[in-house]
Amino acid sequence: MDPSRQPDSEPTETVRPQTAPDHAETAADAPSRRIARRWPLISGAVAVVLAFLLGALILTRGAGRPIEADAEWMEEILEHRSPVWEVPALVMNFLGAGIAGVIVIPLVIVVTLLVLRRPWAALYFVIATVVSAGLVQLLKTLFGRARPEDMLITSDFGSFPSGHVANAATMAVALGIIFPWVWVWIAGAVYTVAMMVSRTYLGAHWLTDTIGGLMLGAGVAVVLWAPLAAKLDGENTIARRRAARPRPPTRG
């Protein structure tokens, strides 16, 4: 320390420019900066490839017809259909697609992230959502699997994979990465499973369609997390510092 300087003028960590959003990667811890070279790229890519292989297996085994697990699950669904369960299933159908699922909900999430000064998180969420939706449409066109006959709703062509479930899984995993809290992961898991059940309950998808959507959506979110891991972790660190910073006393 320079003896000519006053103690209160000595620089401290709390005034370093790391707390600016542009320095998100600098604020990240070392493990986060190494994530791009580690397991997310591999595990996420494996999940996406498995979704593709599941669709290919279904197509080669029976030209897209339901396998044994699909048929048994659909029999159980048909036996337990009731107006009581139809309402929540239709609510999930509304939340997972159309204006609500494709525009309103993602837009609300992105705007919220920007308000919270999380621009990298907002960019990550947008890219993951768009890539997931694009791959869903690609696989639907590629496999061309017919939907179940006992549908309670009207849907477009292409049963594999489930776009509703892929969207739910992408959103759940992305938000769990952005906000790494246990309750966020639990809420995301519950939402995704509820979407899977609702899609089969409405007869819009076979069970394997929802499994394929789950693997695809989650895999895309994990793969795209890898190159942005340091920036997302840095934004979390900055947010924690900002929340812990003491507020100036208010004048009476």
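A short tour of the structure in this document, coming up. Since the model is a prediction, treat every value here as computed from it, not as a measurement. (Residues numbered from 1 in each chain as written. Predicted model: local features only at pLDDT ≥ 70, side-chain atom pairs only at ≥ 80, totals over all residues. Heavy atoms only, no water.)

## Examining the overall build of the protein chain
Move 1: When helices and strands are tallied, the protein chain shows 10 helices and 0 strands.
Move 2: Expressed as a percentage of the 252 residues in the protein chain, the buried residues total 41%.
Move 3: For the protein chain, the proportion of contacts with a sequence separation of at least 24, taken over those separated by at least 6, is 80%.
Move 4: When the accessible area of the protein chain is evaluated, it comes to approximately 14,200 Å², of which 68% is carbon and sulfur surface. (Helix = DSSP H or I, 4+ residues; strand = E, 2+ residues; numbered from the N terminus. Buried < 20%, exposed > 50% of the residue type's maximum accessible area, 1.4 Å probe, protein only. Contact = heavy atoms within 4.5 Å. Areas by Shrake-Rupley, 256 points an atom, 1.4 Å probe, with all protein chains shown as cover.)

## Quick word on the packing of aromatic side chains
Both the distance between ring centres and the angle between the ring planes are used here to describe each pair of aromatic rings.
Move 1: In this structure the tally under the stated criterion is 4 aromatic pairs.
Move 2: Ring geometry for phenylalanine 52 against phenylalanine 143: centres 5.7 Å apart, planes inclined by 45°, an arrangement best described as tilted. In this pair, phenylalanine 52 is assigned in helix 3 (residues 39-62) and phenylalanine 143 in helix 7 (residues 119-143), connecting sequence segments 91 residues apart.
Move 3: Given the relative accessible area of 9%, phenylalanine 143 is considered buried.
Move 4: Ring pairs connect the aromatic residues Phe52, Phe143 and Phe160, which therefore count as one cluster.
Move 5: When the ring centre of tryptophan 120 is taken as reference, the NZ or CZ atom of lysine 231 above it lies at 4.9 Å. (Phe/Tyr/Trp six-rings, centres within 6.5 Å; stacked < 30°, edge-to-face > 60°. Lys NZ or Arg CZ within 6 Å of the ring centre and 35° of its normal.)

## Focus on the layout of surface pockets
Move 1: In this structure, the largest pocket occupies an estimated 450 Å³ of space.
Move 2: Residue lining of the largest pocket: 23 residues in total, with Gly96, Ala97, Gln137, Gly163 and His164 positioned closest to the centre.
Move 3: Going through the elements one at a time, helix 5 (83-96), helix 6 (98-115), helix 7 and helix 8 (163-178) are the ones with two or more residues in the lining of the largest pocket.
Move 4: Among the elements that take part in the lining of the largest pocket, helix 7 stands out by supplying 6 residues, more than any other.
Move 5: Its residues placed into classes, the lining of the largest pocket shows 6 nonpolar, 13 polar and 4 charged. (1 Å grid on protein atoms, 1.4 Å probe; cavity = no way out; pocket = protein on both sides within 12 Å on 5 of 7 lines; lining within 4 Å. Points joined across faces, edges and corners; volume = space filled by probe spheres on them. Nonpolar A, V, L, I, M, F, W, Y, C, P; charged D, E, K, R; others polar.)

## Considerations on the packing of helix 5 against helix 6
When two helices pack together, you describe them by how their axes are tilted relative to each other and by the distance separating the axes.
Move 1: The N-to-C vectors of helix 5 and helix 6 enclose an angle of 60°; their axes lie 5 Å apart at closest approach. In terms of axis orientation, helix 5 runs oblique to helix 6. Counting all contacts with helix 5, which are made through Phe94, Leu95 and Gly96, the residues of helix 6 involved are Ala100, Gly101 and Ile105.
Move 2: Class assignment of the residues belonging to the contact of helix 5 with helix 6 gives a composition of 4 nonpolar, 2 polar and no charged. (Axes fitted to C-alpha atoms, helices over the stretch in contact; angles between N-to-C directions. Parallel < 35°, antiparallel > 145°, perpendicular 65-115°, else oblique.)

## Concerning empty space enclosed by the protein
Move 1: What the rule picks out here adds up to 2 cavities of 30 Å³ or more.
Move 2: The calculated volume of the second largest cavity comes to roughly 30 Å³.
Move 3: Lining of the second largest cavity is provided by Gly55, Ile58, Leu59, Gly64, Phe143, Arg145 and Phe160.
Move 4: Counting residues per element, the lining of the second largest cavity draws most heavily on helix 3, which supplies 3 residues.
Move 5: The residue makeup of the lining of the second largest cavity, split by class, is 4 nonpolar, 2 polar and 1 charged.

## Describing a nonpolar patch on the surface
Move 1: Side chains of Leu41, Ile42, Val46, Val49, Leu50, Phe52, Leu53 and Leu142 sit close together on the surface and give an oily, nonpolar patch of about 700 Å² of accessible area.
Move 2: Here the nonpolar patch gets 7 residues from one element, more than from any other, and that element is helix 3.
Move 3: Positionally, valine 49 belongs in helix 3. (Patch = residues over 30% accessible without salt bridge, like charges linked within 9 Å, V, L, I, M, F, W, Y side chains within 5 Å. Salt bridge = Lys/Arg side-chain N within 4 Å of Asp/Glu carboxyl O.)

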